Amino acid sequence: MNQTTRQPKLLKDYAPPNYLVDTVDLDFALDPNATRVKSKLRLRPNPKAGAAGRPLVLDGEGLVLQSLALDGKPLGLDDYRLDEKSLTILSVPDRPFNVETVALCNPEANTALSGLYRSRGTYCTQCEPEGFRRITFFLDRPDVLAIYTVRIEADAETAPVLLSNGNPAAAGKVPGTGRHFALWHDPHPKPSYLFALVGGNLAQVPSRFTTASGRDVALNIYVEPGKEDRCGWAMESLKRAMRWDEVRFGREYDLEMFNIVAVSDFNMGAMENKGLNIFNDKLVLARPDTASDADYGAIEGVIAHEYFHNWTGDRVTCRDWFQLCLKEGLTVFRDQEFTADMRSGPVKRILDVRALKTRQFPEDAGPLAHPVRPASYIEINNFYTATVYEKGAELCRMLQTLLGRDGFRKGLDLYFERHDGEAATVEDFVAAMADSSGRDLSQFMLWYNQAGTPELACSLDYDARSKQVRLSVNQVVPPTPGQARKEPMPIPLKLGLLGSNGDDLPLKLAGGAPLADGLIEVTGREQTFTFADVPTAPTPSLLRDFSAPVRLNISLNPDQIEFLMMHDSDPFNRWQAAQSYATNLLTAAARDGGSEEPVAGREAIRLAQALGTTASEASLSAAYRAEFLKLPSESDVARELGKNVDPDAVRKAYEALRATIGRKIKATLVEIYDSSAASGAFSPDAESAGKRALRGAILDLLVGTGEAAEIARGLRHYREASNMTDAIAALSILSHLHVRDEVLADFYARWQDEPLVLDKWFAVQARATRPDSVETVQALLSHAKFSLKNPNRVRALIGSFVNGNPTGFNRADGAGYELLASSALQIDRFNPHMAARLLGAFESWRTLEPRRQALAKSSLRQLASSQLSTDSYEIVTKTLGAD
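Residues numbered from 1 in each chain as written. Predicted model: local features only at pLDDT ≥ 70, side-chain atom pairs only at ≥ 80, totals over all residues. Heavy atoms only, no water.

(A) Inspection of the sheet that holds strand β19 (residues 257-263) at higher detail. The strand order across the open sheet built from five strands is β17-β18-β19-β21-β20, with neighbouring strands paired in mixed fashion. Only two strands of the sheet have a single partner each, and these edge strands are β17 (203-210) and β20 (270-271). In this sheet, strand β21 (residues 276-280) lies alongside β19 in parallel orientation, the contact comprising five bridges. Within β21, the residue paired with I260 across the bridge is N277. (Pairing = 2+ DSSP bridges. Helix = DSSP H or I, 4+ residues; strand = E, 2+ residues; numbered from the N terminus.)

Here's what the structure looks like:
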């Protein structure tokens, strides 16, 4: 590939399309190796482009053009130009006109899983972001919206189910052929990336839903025959999401039918195609013996996420791919709010922030840092990132914090009112929020345009004579690639001041009104906030509910952190205090080469006792107590260390602290473990799942002591498990130990013919922190049940290893880096998207100690000198940087 094709696209270069498409009529004759696609486009010059008379350039890749006509007249070779990327019609009328094409594509050969491909015999599509051009010639960009009518014809025996977007319009047999057809019409204009088609031998699980206005909607989930009994939870989740969106945001479904199709081969989790959502089957199928509570939770959340896109993404889409956060960040925020309402708000907030700090904070601090709305990209597939999704969601949350829940709803209503049926921008979204609230949000746009995680350095001074507290806040937004100097961000900072008895003190700014919600707004580099009428020196609780995606630095001694751990009324900050206390111990030990002194001394014992006390508080939910007992991860500790990281030292410190806690509060843990045992049939409800999570967290601490009796407890937990949650929890804990072979063999014997369960077997071994983990993964790459062409299996094995096993991937001899580089190069030949996602694991290589840095750099250089796809080239070169 030449350098010209790798030039970055720039946000500032956006120009509206020269032509618009009003209607699209597609006629598919499905065939495994030569699917014929007839297309009729009704186009017109775009008055906003002022480009009438210019050539019409249609995107098209991997297609065989069979015929081309303009307003019914066939075009000759002198009338158009065709290359590997596009079809250009040299002269078109200065008025509305029709373009008709007939093209062939090869679904069976499409191993990139973009466009039209086959998954275990089922035809399916993935068009976001630029897959539609692999199906037919089109203006394949999100700001071209059209009304689609789609006819699908296929062999009636092998593809009895034929689906597309919108509402069914007709169906029937094709006389004398053994084939049949289905006709679909979508009345809502949509961009090409939301087009979908499915054809195959699928089983239907039907249901119905009545909207708030009384409309009857047919709901269907389509799966491989024999898996119908695993769709109940997904269907229930869909109905809950539909009702919740009506109540919370006033958004009602708008078609006669909503279909979900589960397929085995899918690069993403799911896709929100209008009226026809296509899902990775792991996010649809669930049964107590095959799916864990984590699976049930993921299904509920992702089903909701894709449904919520019907308004935030489908009805209002994004003008260009630079605006991706407009649909994804907003929809992630909506699905987070849904899950918080369905389950536990505090626990959901903890899980979301933990994921943000694990995935997005390193991204913001590394060579791949980019704004929530990027200013440039080479390959858009590489920007489906934690920054766009999770940090994008945090921006919406901050707007809700600043405007209030009702104010945010008013802003969103105005956004829909203004832009329904349009392709919008971040400016459109923020303007709706500003206009509906009367607030100036111009500074808030910095959150969309500046990369990096802001850092707040805070100090608190108490004046006993005036009974005033001065909170000083210094804001720094660190430099990131391409952005050396930053402006201060507007930061909503929720806080509390705790009195000596642990109660919240009333908050009143000097010379101002009481702060009932504890919210102050940081807008400058340096600010001081003075609170009046504070009777005694307080303990500060800052950044409550993690009110902004920032790093907080405040000097608190162990006594103050322990005080917050025991008394803070904000559930998130109470949990965060425990995390901070443990992190301080772990970083001290890691800096000392993994010394056990910091994690086995007096302060470690105090932490253990505090954890035991909280775990025993019956007034707290079991799910919250489970999260409270979990230590900061190795990646959390590495992130706090920031440089010269030795993963082996971090792991050694982690294991020592876990053992200390398990031993010091063993009696308490055993009592809770025994009393939390489930009785009755399995249920995925929040309370039952919380109890299982609490037992799992306790089991990890107990087995972590290394005592024979506790390892035996882990084995009993596995053998007596009546559901996948308990089985996989025990298997994961035991996978690090000498008894692993027995349980791994048993698990494989039970589940070798269940692909989604077998993914767990691969993943558990990949994450096991053992000296031979690289060799284990290498051997599993040759396992009969492993295939580099199955995205789920690749994520389970290679993805789990490089992202979930810091000591294995960063092994001191560099073997982990070599394994990733070798595997990614193979995958890059047929699935560049998947390869590039895996290579992102190198992003934090500069934070490692010098020897590992050199080895990682060597692997990156070897990759850079190889023949890479555009996807992988962008990740490797940016990660490597100037070196």
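(B) Just unusual backbone geometry, in detail. Along the chain, E128 connects to P129 via a cis peptide bond; the corresponding omega equals 0 degrees. One non-glycine residue, R120, adopts positive backbone phi at about 50 degrees. Locating R120 in the fold gives a position in the loop between β10 (115-119) and β11 (122-126). Of the residues examined, R120 reaches a relative accessible area of 49% and is grouped as partly exposed. Phi at N644 is positive, roughly 55 degrees, even though this residue is not glycine. Among the structural elements, N644 can be located in the loop between α12 (634-641) and α13 (647-664). (Buried < 20%, exposed > 50% of the residue type's maximum accessible area, 1.4 Å probe, protein only.)

(C) Structural detail: helix α19 (residues 755-767). End to end, α19 covers 19 Å across 13 residues, agreeing with the expected 18 Å (1.5 Å per residue, within 8%). By the criterion of burial, α19 is predominantly enclosed, with 10 of the 13 residues buried. Every buried residue of α19 is listed here: V757, L758, D759, K760, W761, F762, A763, V764, Q765 and A766. Where the residues of α19 are buried, they touch α2 (293-308), α17 (724-734), α18 (740-751), α20 (773-780) and α21 (791-804). (Expected span 1.5 Å × (residues − 1). Contact = heavy atoms within 4.5 Å.)

(D) Examining the side chain of H833 more closely. Looking at where H833 falls in the secondary structure, it is placed in helix α24 (residues 832-839). Those residues within four positions of H833 in sequence are excluded, and the remaining contacts are N267, N381 and D871.

(E) Spatial organisation of the sheet that holds strand β28 (residues 519-522). Strand order in the open sheet formed by three strands is β28-β27-β30, and the pairing between neighbours is antiparallel. Of all strands in the sheet, those with a lone pairing partner are β28 and β30 (539-542), marking the two edges. When the angles between neighbouring strand axes are averaged without regard to direction, this sheet yields 35 degrees. In the sheet, strand β27 (residues 491-498) pairs with β28 via four bridges, with the strands oriented antiparallel. Its bridge partner being in β28, I491 is matched across the sheet by V522. Against the sheet, helix α5 (residues 386-419) engages β27 and β28, with an angle of about 65 degrees to β27. Along the sheet, helix α8 (residues 558-567) makes contact with β27 and β30, crossing β30 at roughly 65 degrees. (Axes fitted to C-alpha atoms, helices over the stretch in contact; angles between N-to-C directions.)

(F) Highlighting α21. Across its 14 residues, α21 extends only 17 Å between first and last C-alpha, which sits more than 12% below the 20 Å expected from 1.5 Å per residue. Of all the bends in α21, the greatest measures close to 35 degrees and is centred on I798. The buried count for α21 comes to 11 of 14 residues, which makes it a mostly enclosed element. Every buried residue of α21 is accounted for by P791, N792, R793, V794, A796, L797, I798, G799, S800, F801 and V802. Contacts from the buried residues of α21 go to β21, α19, α20, α22 (806-809), α23 (815-828) and α24. Between the side-chain oxygen at the start of α21 and the backbone nitrogen of N792 there is a gap of 3.0 Å, and the oxygen is on N790. (Bend = angle between axes of the 7 residues up to and from the residue. Polar contact = N/O pair within 3.5 Å; in protein donor to acceptor, adjacent residues only side chain to side chain.)

(G) Quick peek at the pairing of β17. Side chains of β17 alternate between two faces, with A203, V205, S207 and F209 buried and Q204, P206, R208 and T210 left unburied. Relative to strand β18 (residues 216-223), β17 runs antiparallel, the two sharing eight bridges. For Q204, the partnering residue across the bridge sits in β18 and is Y222. From the end of β17 to the start of β18, which pair antiparallel, there are five residues, and G214 there has a positive phi angle of about 95 degrees.

(H) How the structure looks around the packing of aromatic side chains. Tallied over the full model, the rule gives 37 aromatic pairs. Between Y624 and F628 the ring centres are 5.9 Å apart and the planes differ by 45 degrees, which places this aromatic pair in the tilted class. A residue pair is termed a helical-turn pair when its members lie 3 or 4 positions apart in one helix, as Y624 and F628 do in helix α11 (residues 622-629) at four residues. The burial state of Y624 is the same as that of F628; both residues are buried. By way of ring pairs, the aromatic residues W244, F249, Y253, F258, Y307, F308 and F338 are connected into one cluster. Across from the ring centre of W311, 4.6 Å away, lies the NZ or CZ of R251, which sits over that ring. (Phe/Tyr/Trp six-rings, centres within 6.5 Å; stacked < 30°, edge-to-face > 60°. Lys NZ or Arg CZ within 6 Å of the ring centre and 35° of its normal.)

(I) Just the nonpolar core, in detail. Counting residues in each nonpolar core, the largest one holds 286 residues, and the members touching the most others are F429 and F531. Looking at which element gives the most residues to this core, the answer is α5, with 14 residues. When neighbours within four sequence positions are excluded, F531 is seen to be in contact with K467, Q468, V469, L471, L495, L497, L507, K508, L509, A510, L515 and I520. (Core = buried A, V, L, I, M, F, W, Y, C linked by side-chain atoms within 4.5 Å.)

(J) Representation of the packing of helix α9 (residues 571-591) against helix α10 (residues 602-615). Two elements in contact, α9 and α10, have axes whose closest approach is 10 Å; the angle formed by their N-to-C orientations is 155 degrees. As judged from the angle between their axes, α9 and α10 are roughly antiparallel. Pair α9 / α10 crosses with left-handed handedness. On α10, the residues touching R574, A578, Y581, A582 and L585 of α9 are E603, A604, R606, L607, L611 and T614. Split by residue class, the contact of α9 with α10 holds seven nonpolar, one polar and three charged. (Parallel < 35°, antiparallel > 145°, perpendicular 65-115°, else oblique. Left-handed = near helix turned anticlockwise from the far one by under 90°. Nonpolar A, V, L, I, M, F, W, Y, C, P; charged D, E, K, R; others polar.)

Keep in mind that these numbers describe shape and distance, not what the molecule does.
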